[in-house]
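Observations on chain architecture
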Amino acid sequence: MFLSPASFSYHMEDFIRAVKQIEDEDPGSDPATVLKRLRRAAGLNDAFIRHFLPDAQAASEMPANLSEYFRKAVHHRVLEDFKEEGVVLTPDGTTVTVAPLLLGIEAGLLKTKRQAHFQLTFAKDLDVSFRRHSSGTHLLGPDGCWNNVTSPQVFTLSGKPNLLTTAQINGRMDGMILGTEISANSSRLLKLSSLLKEYYSHRLDRKGMDSAPRLISQRRRENFQLLVFPSPLMKKTMTTVELQQRLTGQPEMKLETKRKLRAVVRKAIKEFVQMYLDCPPIISRCTWGAEPYRGTPTYLSLPLPFLFIHHTDTPNEPCLTFEKCSADMRAMQRYHQEERGWDDIGYSFVAGSDGYIYEGRGWNIQGAHTSGQNSRGYGVSFIGNYQTNLPSQHAMSLVRDQLAACAVDRGGLVSSYTLKGHRDVVSTACPGDAFYKEISGWEHFG
């Protein structure tokens, strides 16, 4: 049964259904043919792309209504009101640009060299971005909010776009990851829709990320880190910028322009490594559906000396999906605001077992998590009751190895911070006997 494109939202699962519809209409088409048809519909066929991939104009057209859906879903742009198009919401709660994802997979099918793969997915159009954004405190981001996470239609950035938005970075990482995987084993790609479903829609079992397969979107950052090391990024990026300028007929850069560009690239790479590789992925408040803060927030005086570890107790089971973790966050916020009369959810951050950290009050606003100590530390809670069991190893690593280090790097915690369990400063069983015994062996515990 074929569905009307009008029924498709900009959710990855709807995008996959639309791709499958194209595949089902022509059962004999291979993935490379489907990808070329998608490129033609989206207008992904400039000189730079044709330098690496076949001319998409040779592909057959698809029905007008489907073509329009794919054009909007794939063609990336940011409007003046900060609405970002060409992005889709994935089942894990992150947003990705579709164009570099598709380009990366097609490049993988053609077994392009790793350098060419990087140029086509991660570094494409950076020359335009550099010309537009050569100054500012941040060079990367921001993220944004969907009008609706069940049937997403409109994605609005939280501020002015920088060199690359978070969705662009996610999509480019996924394009590199999947393209590299396909290049190494192209026989596994029987259907494009199957590959996307396998990567984006994997359901975790009770062990969470501890037993999850390697090639899933929740492992985006760790997989990308295995592919690209920071040291060669400068040379690869500059080579790509020069190639794109040459292919578009622009004059060769002057030495002074190159020098300034290198400085921007160097700063952007450092920021990328910190924000998107060293720090853990964090689901924003608007994405999990937070209600507004009530009243006037008190801002923290950073850096802080303490990190306090909690368990939620209620909910008492680990959450394994974006939908369940988001529902748990909303339930806790509702309890804290309605029953306890607090201004907001009490915790600074919350760790799910789905591979993500969830933003509570965040980096700058004082929480309500550890009585008498809220102004002196962040409160991080793990969803579940850990009186007799432990959180997943992956969830613990996100907090112990990444979130804490990220807080130090960004000036939120002093480098010599002290980690404590909730029970160390308040009469409570939190964070549970089993978990407390575990954290007592962590570095910085005292």
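Residues numbered from 1 in each chain as written. Predicted model: local features only at pLDDT ≥ 70, side-chain atom pairs only at ≥ 80, totals over all residues. Heavy atoms only, no water.

Observations regarding the domain arrangement of the protein
Put simply, the test is: An automatic or database domain assignment is the source of the domain bounds shown. Any two residues having at least one pair of non-hydrogen atoms within 4.5 Å are treated as being in contact. The rule for a salt bridge is simple: a side-chain nitrogen of Lys or Arg has to be within 4 Å of a carboxyl oxygen of Asp or Glu. Side-chain atoms alone can form a polar contact between residues adjacent in sequence; in general such a contact is a pair of N or O atoms within 3.5 Å, and within protein one must be able to donate a hydrogen while the other accepts it. Counting from the N terminus, the helices are the DSSP runs of H or I reaching at least four residues and the strands are the DSSP runs of E reaching at least two. Any residue that is not Ala, Val, Leu, Ile, Met, Phe, Trp, Tyr, Cys, Pro, Asp, Glu, Lys or Arg is counted as polar, Gly included; the first ten are nonpolar and the last four charged.
The domain boundaries assigned to the protein delineate domain 1 (12–278) and domain 2 (304–440). The partner domain 2 presents 15 residues to the 20 residues of domain 1 that form the contact. One can count 1 salt bridge joining domain 1 with domain 2. Note that Glu-317 is salt-bridged to Arg-206, the shortest N-O span being 3.5 Å. Here domain 1 is connected to domain 2 by 4 residue pairs in polar contact (both at pLDDT 80 or more). Elements with a contribution of two residues or more to the side of domain 1 that touches domain 2: α10 (220–227) and α12 (255–278). Tallied by class, residues from the side of domain 1 that touches domain 2 come to 4 nonpolar, 6 polar and 10 charged.

A few points about the environment of Ala-18
Within the fold, Ala-18 resides in helix α1 (residues 12–25). Sequence spacing of Ala-18 and Tyr-69 is 51 residues, and the spatial spacing of their C-alpha atoms is 8.7 Å. In contact with Ala-18, other than residues within four places in its own chain, are Phe-8, Leu-66, Tyr-69 and Phe-70.

Overview of the pattern of salt bridges
What counts, and what does not: The buried label applies to any residue whose accessible area, calculated with a 1.4 Å probe on protein chains only, is under 20% of its type's maximum; exposed applies above 50%, and partly exposed to all values in between.
Scanning the model with the defined rule gives 19 salt bridges in all. The shortest N-O distance in the salt bridge between Glu-222 and Arg-219 comes to 3.1 Å. You can call Glu-222 partly exposed: its relative accessible area is 35%. The salt bridge partner of Arg-259 is Glu-256, with a shortest N-O separation of 2.5 Å. Taken together, the residues Arg-259 and Glu-256, both in helix α12 and 3 residues apart, mark about one turn of the helix.

Quick notes on the packing of α10 against α12
Convention followed: Whenever a helix is involved, its axis is fitted only over the stretch in contact; in every case the axis is a line through C-alpha atoms, and angles between N-to-C directions fall within 0 to 180 degrees. Working definition: roughly parallel below 35 degrees, roughly antiparallel above 145 degrees, roughly perpendicular at 65 to 115 degrees, and oblique for all remaining angles.
It is the contact of α10 with α12, at a shortest axis distance of 9 Å, that shows an interaxial angle of 135°. Between α10 and α12, the angle falls in the class oblique. Each of Arg-221, Phe-224 and Gln-225 in α10 lies in contact with α12, whose residues at this interface are Phe-272, Met-275, Tyr-276, Leu-277 and Asp-278. Across the contact of α10 with α12, the residue classes break down as 5 nonpolar, 1 polar and 2 charged.

Some thoughts on the nonpolar core
Applied cut-off: In this text, buried Ala, Val, Leu, Ile, Met, Phe, Trp, Tyr and Cys residues form a nonpolar core when linked through side-chain atoms within 4.5 Å.
Ranked by size, the top nonpolar core spans 80 residues in total, and within it Phe-15, Phe-70, Val-74, Ile-105, Leu-192, Phe-224 and Phe-272 carry the most contacts. The element contributing the most residues to this core is α12, with 9 residues. Core analysis: the next-biggest nonpolar cluster, separate from the first, contains 28 residues, Cys-279, Ile-357, Tyr-386 and Val-399 among them.

Brief notes about the pairing of strand β11 (residues 377–382)
Spelled out, the test is: DSSP-based pairing: two strands are paired if at least 2 bridges between them are found.
Most of β11 is tucked away, with 6 of its 6 residues classed as buried. One ladder, built from 6 bridges, connects strand β8 (residues 304–311) with β11; its direction is parallel. Within β11, the position partnered with Leu-307 by the bridge is Tyr-378. The sheet contact formed by strand β9 (residues 349–351) and β11 spans 3 bridges and is parallel. Residue pairing across strands places Ala-351 opposite Phe-382, the latter belonging to β11.

A look at α10
The condition is simple: What the arc covers is the set of directions going from the helix axis to the C-beta atoms.
Within the sequence span of α10, burial applies to Arg-220, Arg-221, Asn-223, Phe-224 and Leu-227. Viewed along the axis of α10, the buried residues span an arc of 165°, placing them on a single side of the element. Buried positions along α10 lie against β4 (95–97), α6 (114–121), α8 (166–184), α9 (192–200) and α12.

Structural notes on the state of the cysteines
This is how it is decided: The rule for a disulfide is simple: a pair of cysteine sulfur atoms within 2.5 Å.
Inspection of the entire model under this criterion finds 3 disulfides. One disulfide in the model links Cys-145 with Cys-286; its S-S distance is 2.0 Å. Around the S-S axis, the bridge from Cys-145 to Cys-286 shows a dihedral of about -95° and counts as left-handed. Residue Cys-145 is found in strand β5 (residues 144–146), and its partner Cys-286 is found in helix α13 (residues 285–288); the two are separated by 141 residues along the sequence. Here Cys-145 falls in the partly exposed class, since its relative accessible area comes to 28%.

Let's talk about the packing of aromatic side chains
Selection criterion: Aromatic rings from Phe, Tyr and Trp, taking only the six-membered ring of Trp, are treated as a pair when their centres fall within 6.5 Å; an angle between ring planes under 30 degrees marks them as stacked, one over 60 as edge-to-face, and anything in between as tilted. Over a ring means this: the NZ of a Lys or the CZ of an Arg is within 6 Å of the ring centre and within 35 degrees of the ring normal.
According to the stated counting rule, one finds 20 aromatic pairs in the structure shown. Plain terms: the ring middles of Phe-435 and Trp-442 are 6.1 Å apart, the flat faces sit at 75° to each other, and that makes the pair edge-to-face. Each member of the pair, Phe-435 as well as Trp-442, carries the same accessibility label: buried. One aromatic cluster is present, formed by Phe-8, Tyr-10, Phe-15, Tyr-69 and Phe-70 through successive ring pairs. One Lys or Arg, Lys-236, reaches over the ring of Phe-118 and ends 5.6 Å from the middle of that ring.

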